[in-house]
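Topology and contacts: notes
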Amino acid sequence: GPPVSFTVVPPASAQTVGSTFQVAVMLGNGNDVYSVPLQMQFNPKVLQLVNVDTGSFLGRDGQAVALVHRDDGDGNVAISASRPPGARGVSGAGTVCVLTFKAKAVGPAAVVVTKPAVRNSEQKAEPATGSRAIVQVQP
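**Description of the pairing of strand β8 (residues 107–115)**
Inspection of the sheet shows strand β3 (residues 20–41) paired to β8 by three bridges, in the antiparallel sense. Residue pairing for β8: glutamine 41 is matched across the bridge by valine 112. Alignment of β8 against strand β12 (residues 132–138), held across six bridges, turns out to be antiparallel. Following the sheet pairing, proline 108 is matched in β12 by glutamine 136.

Below, the structure written as structure tokens:
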């Protein structure tokens, strides 16, 4: 089948300096998805990462989802969402995680899935594609 796709939603938005807003990372074409170890990038001069929350996709059957993220402060963020050991993977489409940003400065900023990755319940990597969103921060 087609590769798993990651889409940053909304694909374009306008924010004002000082505002807090969210972008969601959506997964499509999922089949037996057990964990999602993503790497993302944004412009740290324009945006500040406030938080990363779990989306509904991996826990849609009521299983607890472990979500960890590491923000290196340079605009690179590692995010890992996974289901409990022994749980089966989930299939379909949905939100993997939601990133909350604060707009710090005027300018355009891309929020990009730089290393899209998915592992199935056998811990095998599945092919995946990423995307980007553009945030335009205004005074």
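**Here's the deal with the side chain of serine 19**
Mapped onto the elements of the fold, serine 19 is located in the loop between β2 (12–16) and β3. Exposure remark for serine 19: the relative accessible area of 17% places this residue in the buried category. At a separation of 2.7 Å, a polar atom in the side chain of serine 19 contacts the main-chain carbonyl oxygen of threonine 16. Ignoring sequence-local partners within four residues, the contact set of serine 19 consists of Phe101, Lys102 and Ala103.

**Brief notes about the environment of proline 10**
Note on placement: proline 10 falls in the loop between β1 (4–9) and β2. Put simply, proline 10 and alanine 24 are 14 residues apart on the chain and 7.4 Å apart in space, counted from C-alpha to C-alpha.

**Looking at the nonpolar core**
Grouped together as the largest cluster of nonpolar side chains are 34 residues, with contacts concentrated most on Phe6, Leu27, Leu47, Leu99, Phe101 and Val111. Apart from residues no more than four positions distant in its own chain, phenylalanine 101 is found in contact with Ser19, Thr20, Phe21, Val23, Phe42, Leu47, Gln48, Leu49, Val50 and Val111.

**Some remarks on the environment of alanine 133**
Assignment of secondary structure puts alanine 133 in strand β12. As a C-alpha pair, alanine 133 and proline 2 span 131 residues in sequence and 22 Å in three-dimensional space. Alanine 133 has contacts with Val8, Pro10, Pro11, Ala109, Ala110 and Val111, leaving out every residue within four places of it along the chain.

**Overview of the environment of alanine 109**
Looking at where alanine 109 falls in the secondary structure, it is placed in strand β8. Sequence separation between alanine 109 and valine 52 is 57 residues, and the spatial gap between their C-alpha atoms is 18 Å. Sequence-distant contacts of alanine 109, defined by excluding residues within four places in its chain, comprise Asn43, Val46, Leu47, Ala133, Ile134 and Val135.

**Digging into the pattern of salt bridges**
Summed over the entire model, instances satisfying the criterion amount to three salt bridges. Residue arginine 70 is joined to aspartate 72 by a salt bridge in which the shortest nitrogen-to-oxygen separation is 3.1 Å. Residue lysine 124 is joined to glutamate 122 by a salt bridge in which the shortest nitrogen-to-oxygen separation is 3.1 Å.

**A few points about the pairing of strand β5 (residues 66–71)**
The pairing of β5 with strand β6 (residues 76–82) spans six bridges and is classified as antiparallel. Paired with valine 68 across the two strands is serine 80, which belongs to β6. Connecting β5 to the antiparallel partner β6 that follows it, the hairpin turn spans four residues, and glycine 73 within it adopts a positive phi of roughly 85 degrees.

**Here's the deal with the packing of aromatic side chains**
For the coordinates displayed, the defined rule picks out two aromatic pairs. Relative to phenylalanine 101, the ring of phenylalanine 42 lies with its centre 5.1 Å away and its plane at 70 degrees, an arrangement referred to as edge-to-face. Separated by 59 residues along the polypeptide, phenylalanine 42 in the loop between β3 and β4 (47–54) and phenylalanine 101 in strand β7 (residues 90–103) bring together distant segments of the chain. This pair shows no difference in class: phenylalanine 42 is buried, exactly as phenylalanine 101 is. Connected via pairs of aromatic rings, a cluster forms that spans Phe21, Phe42 and Phe101.

So, how was this worked out
- Residues numbered from 1 in each chain as written.
- Predicted model: local features only at pLDDT ≥ 70, side-chain atom pairs only at ≥ 80, totals over all residues.
- Heavy atoms only, no water.
- Pairing = 2+ DSSP bridges.
- Helix = DSSP H or I, 4+ residues; strand = E, 2+ residues; numbered from the N terminus.
- Buried < 20%, exposed > 50% of the residue type's maximum accessible area, 1.4 Å probe, protein only.
- Polar contact = N/O pair within 3.5 Å; in protein donor to acceptor, adjacent residues only side chain to side chain.
- Contact = heavy atoms within 4.5 Å.
- Core = buried A, V, L, I, M, F, W, Y, C linked by side-chain atoms within 4.5 Å.
- Salt bridge = Lys/Arg side-chain N within 4 Å of Asp/Glu carboxyl O.
- Phe/Tyr/Trp six-rings, centres within 6.5 Å; stacked < 30°, edge-to-face > 60°.

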